[in-house]
Amino acid sequence: MTRILIPLLATLGLAAAQDDAAKAKLMETGKTAFATCMACHGPDGTGLPVGDKKMAPSLAGSPIATGKPDIFAGVILKGIAKETQDYMGVMAPLEATFQTDEMLAAIMTYVRSSFGNDAGMVTPEQAKEYRAKWADKKEPLKRADIEEMEKK
Ligand code: HEC
């Protein structure tokens with residue numbers, strides 16, 4: 001029994017350590033990439049204030065950032081259609097900045113695990129799937145559609 005169990009536990013331990021290392025690397029890359037988001041979402045992710053308004057909503061506890069990762073990926077890649085004047089900024093499509101699955105996974109992992117968020121890691125393999133899902137989308141996402149998709 002122990003002859004099977006010990007190697008098995010060692011393998012599981014190793015897998016966990018590899019996961020931790022992978023996440024640490026994504027977090028480091030993601031932190032650097034967050035410079036792109038900071039201009040509007042602020043250095044602490046709560047949304048940069050301009051007068052009595054903000055450039056962008058807070059990412060701390062954001063239902064989109066911490067919700068279904070495929071939708072979060074869509075928001076980053078395709079942006080959000082500007083339908084209100086609630087915020088001074090525009091969530092523009094950032095596909096050109098996040099061309100590699102590694103970069104997309106890194107920014108998603110960083111935002112999902114920072115500012116008090118605890119929504120977990122996104123691997124480059126998952127990022128690749130999410131990117132494929134949005135490949136044919138030509139326009140920014142609409143708020144109403146995002147909310148509908150989050151509910152499903
Ligand atoms: C030029 C300004 C700007 C930049 C840069 C920017 N955003 Fe945004 N972001 C916005 C605005 C404005 C909204 C709100 C859009 C709306 O509803 O009209 C938004 C909305 C979001 C939302 C939805 C939040 C919610 O819960 O409603 C997420 C998630 C998000 N942005 C993530 C990011 C990430 C990640 C980056 C960097 C990769 C980024 N944004 C870069 C302006 C920006």
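- By the naming in an unreviewed UniProt entry, the protein is Cytochrome c domain-containing protein, taken from Haloferula sargassicola.

## Quick notes on the environment of K53
- With respect to the helices, strands and loops of the structure, K53 is situated in strand β2 (residues 53–54).
- With 33 residues separating them along the chain, K53 and D86 place their C-alpha atoms 7.6 Å apart.
- In this structure K53 touches L48, Q85, D86 and M88, once residues within four positions along its chain are discounted.

## Observations regarding the UniProt feature "domain: Cytochrome c" (unreviewed entry) in the protein
- Here, UniProt's "domain: Cytochrome c" (unreviewed entry) annotation points to residues 25–115.
- For the annotated span residues 25–115, helix accounts for 42% and strand for 4% of the residues, and the straight-line distance between the end C-alpha atoms is 18 Å.

## Considering the site of the ligand
- Taken together, 22 residues lie around the ligand, and C37, C40, H41, S62 and M91 are the ones closest in.
- S62 places a polar side-chain atom, nitrogen or oxygen, 2.7 Å from an oxygen atom of the ligand.
- At 2.9 Å from an oxygen atom of the ligand is found a side-chain nitrogen or oxygen belonging to R143.
- Elements with a contribution of two residues or more to the shell around the ligand: α2 (35–41) and α3 (69–78).
- Counted by class, the shell around the ligand contains 17 nonpolar, four polar and one charged residues.

## What to know about the coordination of the iron atom of the ligand
- With distances of 2.0 to 2.1 Å, the protein atoms coordinating the iron atom of the ligand are H41 (NE2) and M91 (SD).
- One can describe the site at the iron atom of the ligand as octahedral: its six donor atoms subtend angles covering 88 to 179° at the metal. With H41 in helix α2 and M91 in the loop between α3 and α4 (101–112), this pair connects stretches of sequence that are 50 residues apart.
- H41 gets classed as buried once you look at its relative accessible area, which sits at 10%.

Criteria and thresholds
The written sequence of each chain sets the order in which its residues are numbered from 1. For this predicted model, a pLDDT threshold of at least 70 governs which residues receive local features, and a threshold of 80 or more governs which side-chain atom pairs are given and counted, while totals over whole chains, interfaces and linings are taken from all residues. Hydrogens and water are ignored here; the side-chain numbers use all heavy atoms of the structure. Comment: elements are numbered from the N terminus, with helices defined as DSSP H or I runs of at least four residues and strands as E runs of at least two. We call two residues in contact whenever any of their non-hydrogen atoms come within 4.5 Å of each other. UniProt positions are given in the numbering used here, feature names are shortened, and annotations may be inferred rather than shown by experiment. Put simply, a residue is near a molecule or strand once any heavy atom of it comes within 4 Å of that molecule or strand. Each polar contact in these results corresponds to two N or O atoms within 3.5 Å; when the atoms are within protein, one needs to be able to donate a hydrogen and the other to accept it, and residues that are neighboring in sequence are counted only if both atoms are side-chain atoms. When residue character is reported, Ala, Val, Leu, Ile, Met, Phe, Trp, Tyr, Cys and Pro are called nonpolar, Asp, Glu, Lys and Arg charged, and the others, Gly included, polar. Any N, O or S atom lying within 2.8 Å of the metal counts as a donor, with the limit raised to 3.2 Å for Na, K and Ca; because water is left out of the atom set, some sites can appear incomplete. Under this scheme a four-donor centre is tetrahedral when all angles range from 85 to 135 degrees, a four-donor centre is square planar and a six-donor centre octahedral when opposite donors are above 155 degrees with the rest from 65 to 115, and any other centre is irregular. Relative accessibility thresholds used throughout: buried, under 20% of the residue-type maximum; exposed, over 50%; partly exposed, between the two (1.4 Å probe, protein chains only).

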